[in-house]
Number of protein chains: 2
Amino acid sequence: MNSAAAASKGAQTRDAIVLAGYELARRVGLDGLTIGSIAAAVGMSKSGLFAHFGAREELQLAVLAHAIDEVSNAAFRPAFTRKRGLTRLQAVINGWLDFVSTLDNGGCLILAAVSEFDDKPGPVRDQLVRYQRQLREQMERTVEMAVESGEMRAQTDPAQVAFELYGTFLVLHHDLRLFNDRGAVARTRMAADAILQRHLS
Amino acid sequence: MNSAAAASKGAQTRDAIVLAGYELARRVGLDGLTIGSIAAAVGMSKSGLFAHFGAREELQLAVLAHAIDEVSNAAFRPAFTRKRGLTRLQAVINGWLDFVSTLDNGGCLILAAVSEFDDKPGPVRDQLVRYQRQLREQMERTVEMAVESGEMRAQTDPAQVAFELYGTFLVLHHDLRLFNDRGAVARTRMAADAILQRHLS
């Protein structure tokens, strides 16, 4: 194997570890991840895994990054091809709603991590705060573009709209996961529509 | 000690154990509670504690009941003295908002337990579902009374309003705990006002 092939193989192994860690963390929580449990899941030795991730925390951060990519890919990536303004905002809402409502067993890793780490100072919490702020700011920016396009009112506060929309995703996740209530999807659409409606020009 | 005094002493000890368990669970989670850690917190032996709670799960259920009482006392108890209708609904919203925004370290035990137990079938999850449904139904009933009083529209769906209001409490808790953003309190008031506004007659 030449060095380029070896590097590529290394990256593939790293990706496989992160993916296994992500699936495991969705069941046991990010804080429940151990090097041993992931090594077992990917069929590696613990020392083999340590060659890729020097510490459990490094692995937790990589899994967190993957989880944020998943949300971001679902909610924002497809919407970026849509026209700036209300069309794109609607696409972000739909993407986010689809993401939450099609989560299978284990729910949203990010929301579980918020609950686990909101009172645990350290690098994982710091990174989680950064990621969650970025997601919120992307949503605010999307609202702002609908103000710039003239579709939403000039007085609209994008941070308020993003805050309210995020609340609807949280209660959707809560009711789907705890009550197993599929009716929450329609309620969320109605809630999001009402939030937008208040701000249309 | 006569038998009445002994029973009263037993109830006091039980209450002290539940309270210690509640404070501990707010830091380590309901799933992180152990008979040993609570015994240490109240200065009892593990066998002494087993005289009051036969199993860890029994203790978890008692701590959960206490946590729900805390929410219910804050959000609903004071509001019950207020006039049925919009006045009482506003009081419930204010009580709930005050409860979430004055939680000190550890956050809301119920929300942490939802995240821990939403995918763990068993008696704790079952009880959590029952409690969360009861809280939501109390909120729905409060909205319904504002419809009956004629202050809110006849077409108003109390379940939709309760769902939306719950979302605002969830994002308030999220932003206070993760972002340490006190501005979330004013955003939540604005969001709740907007939800009510849509339904006023």
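A brief look at the structure comes next. Counting from 1, residues in each chain are numbered in the order their sequence is written. To read the labels, note that chains go from A and ligands from 1, taken in the order they are written. Only residues with pLDDT of at least 70 are given local features in this predicted model, and only at 80 or more are side-chain atom pairs given and counted; all residues enter the totals for whole chains, interfaces and linings.

Below, the discussion takes up the relation of the copies chain A and chain B. Rotating chain A by 180° and translating it 0.0 Å along the rotation axis places it on chain B, where the RMSD comes to 0.0 Å. Classification of the inter-copy transformation places it as that of a two-fold axis. Across chain A, the smallest distance between a C-alpha and the rotation axis is recorded for A:Gly167, namely 2.2 Å. The contact criterion used is a C-beta to C-beta distance within 7 Å, with each C-beta placed from the backbone. Most of the interface of chain A is mirrored in chain B, where 100% of its interface residues are also at the interface. In superposing the copies, a least-squares fit is computed on C-alpha atoms, taking residues whose pLDDT is at least 70 in both.

We now examine the interface of chain A and chain B. At the junction of the two partners, chain A supplies 29 residues and chain B supplies 29 residues. Only DSSP runs of H or I reaching four residues or more are called helices, and only runs of E reaching two or more are called strands; each is numbered from the N terminus. Ranked by residue count, the leading element in the side of chain A that touches chain B is helix H8 (residues 158-179) of chain A, at 12 residues.

Here we come to unusual backbone geometry. Residue and element names in this part refer to chain A. One non-glycine residue, asparagine 180, lies in the positive phi region at around 55°. Checked against the element boundaries, asparagine 180 lands in the loop between H8 and helix H9 (183-197). Each residue is classified by how many other C-beta atoms fall within 10 Å of its C-beta atom, where C-beta atoms are placed from the backbone; a count of 20 or more means buried, 12 or fewer means exposed, and values in between mean partly exposed. Accessibility expressed as a C-beta count within 10 Å gives 10 for asparagine 180, which makes it exposed.

All names here are of chain A. The end-to-end C-alpha distance of helix H1 (residues 3-28), which contains 26 residues, comes to 37 Å, matching closely the 38 Å that a straight helix rising 1.5 Å per residue would cover. For H1, the full list of buried residues reads Ile17, Val18, Ala20, Gly21, Tyr22, Leu24, Ala25 and Arg26. Summarising the contacts, the buried residues of H1 are in contact with helix H2 (35-42), helix H3 (46-50), helix H4 (56-75) and helix H6 (109-117). Positive phi appears at glycine 29, one or two residues downstream of H1, with a value of about 90°. A helix is expected to span 1.5 Å for every residue after the first.

This next bit is on the packing of H6(A) against helix H6 (residues 109-117) of chain B. At a closest axis distance of 10 Å, the pairing of H6(A) and H6(B) adopts a crossing angle of 135°. One way to sum up the angle between H6(A) and H6(B) is to call them oblique. As for how H6(A) packs across H6(B), the hand of that crossing is left-handed. On H6(B), the residues touching A:Leu111, A:Ala112 and A:Ser115 of H6(A) are B:Leu111, B:Ala112 and B:Ser115. For this scheme, ten residues count as nonpolar: Ala, Val, Leu, Ile, Met, Phe, Trp, Tyr, Cys and Pro. Four count as charged, namely Asp, Glu, Lys and Arg, and the remainder, Gly too, count as polar. Here the residues of the contact of H6(A) with H6(B) sort into four nonpolar, two polar and no charged. For every element, the axis is a line fit to its C-alpha atoms; helices are fit only across the contacting stretch, and the angle between N-to-C directions ranges from 0 to 180 degrees. Angular relationships are summarised with four words: roughly parallel below 35 degrees, roughly antiparallel beyond 145, roughly perpendicular across 65 to 115, and oblique for the angles in between. Whether a crossing is left-handed or right-handed is set by the direction in which the near helix is turned from the far one by less than a right angle, anticlockwise for left-handed and clockwise for right-handed.

Turning next to the packing of H4(A) against helix H5 (residues 86-101) of chain A. Residue and element names in this part refer to chain A. Where H4 meets H5, the closest approach of the two axes is 7 Å, and the angle between their N-to-C directions is 130°. With respect to H5, the axis of H4 lies oblique. For the pair H4 and H5, the contacting residues are Val71, Ala74 and Ala75 in the first and Val92, Gly95, Trp96, Asp98 and Phe99 in the second.

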